[in-house]
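So you can see what is in the structure, the chains are spelled out below.
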Amino acid sequence: QVQLVESGGGSVQLGGSIELSCRASSTHESLFRMGWFRQAPGQERELVAFMAVNGETYYADFVKDRFTISRDNTKTMVHLQMNSLKSEDTAVYYCRRGTYLSWSDDWGQGTQVTVSS
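These numbers were taken from a predicted model, which means no experiment stands behind them. (Residues numbered from 1 in each chain as written. Predicted model: local features only at pLDDT ≥ 70, side-chain atom pairs only at ≥ 80, totals over all residues. Heavy atoms only, no water.)

Next up on the list: the pairing of strand 8 (residues 77-82). Burial analysis of strand 8 places five of its six residues in the buried class, which makes it a mostly covered element. The sheet contact formed by strand 3 (residues 18-24) and strand 8 spans six bridges and is antiparallel. Across the sheet, Glu 19 pairs through a bridge with Gln 81, a residue of strand 8. Sheet topology places strand 7 (residues 67-71) next to strand 8; five bridges connect them, and they run antiparallel. Counterpart to Ile 69 in the pairing with strand 8 is Leu 80. Two successive antiparallel strands, strand 7 and strand 8, enclose a turn made up of five residues, where Lys 75 displays a positive phi of approximately 65°. (Buried < 20%, exposed > 50% of the residue type's maximum accessible area, 1.4 Å probe, protein only. Helix = DSSP H or I, 4+ residues; strand = E, 2+ residues; numbered from the N terminus. Pairing = 2+ DSSP bridges.)

Right, let's talk about unusual backbone geometry for a bit. You will see that Lys 75, though not glycine, has its phi angle at about 65°, which is positive. Position of Lys 75 relative to the elements: it lies in the loop between strand 7 and strand 8. Located in the positive-phi region is Ser 84, a residue other than glycine, with phi close to 50°. By secondary structure assignment, the location of Ser 84 is in the loop between strand 8 and strand 9 (91-98). Residue classification places Ser 84 among the partly exposed positions, given a relative accessible area of 40%.

Put into structure tokens, the structure is as follows:
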């Protein structure tokens, strides 16, 4: 079972930046895609961005041009650089892994990002 551990969350001021990181415990075919989801209080969990090992990236419209996703050379880590943060970016951010066809059923423990004025 591959485990995912997120880090890097915290409190940041409106318009500020923060970087999240996620480390997978081992390499696996289910790391073809690694991505970030988020869940705000009372809201559904939503996809923020993902990156595949072939370099393909996806960004939700609400983070385009503000967030950047990247992976390291081992492909077991994924980072999310978050710039120009808005109050609506406040959420618990979760890392998730997936094959080419589907996302895994398990999640990391999540990391809280709070954007305040």
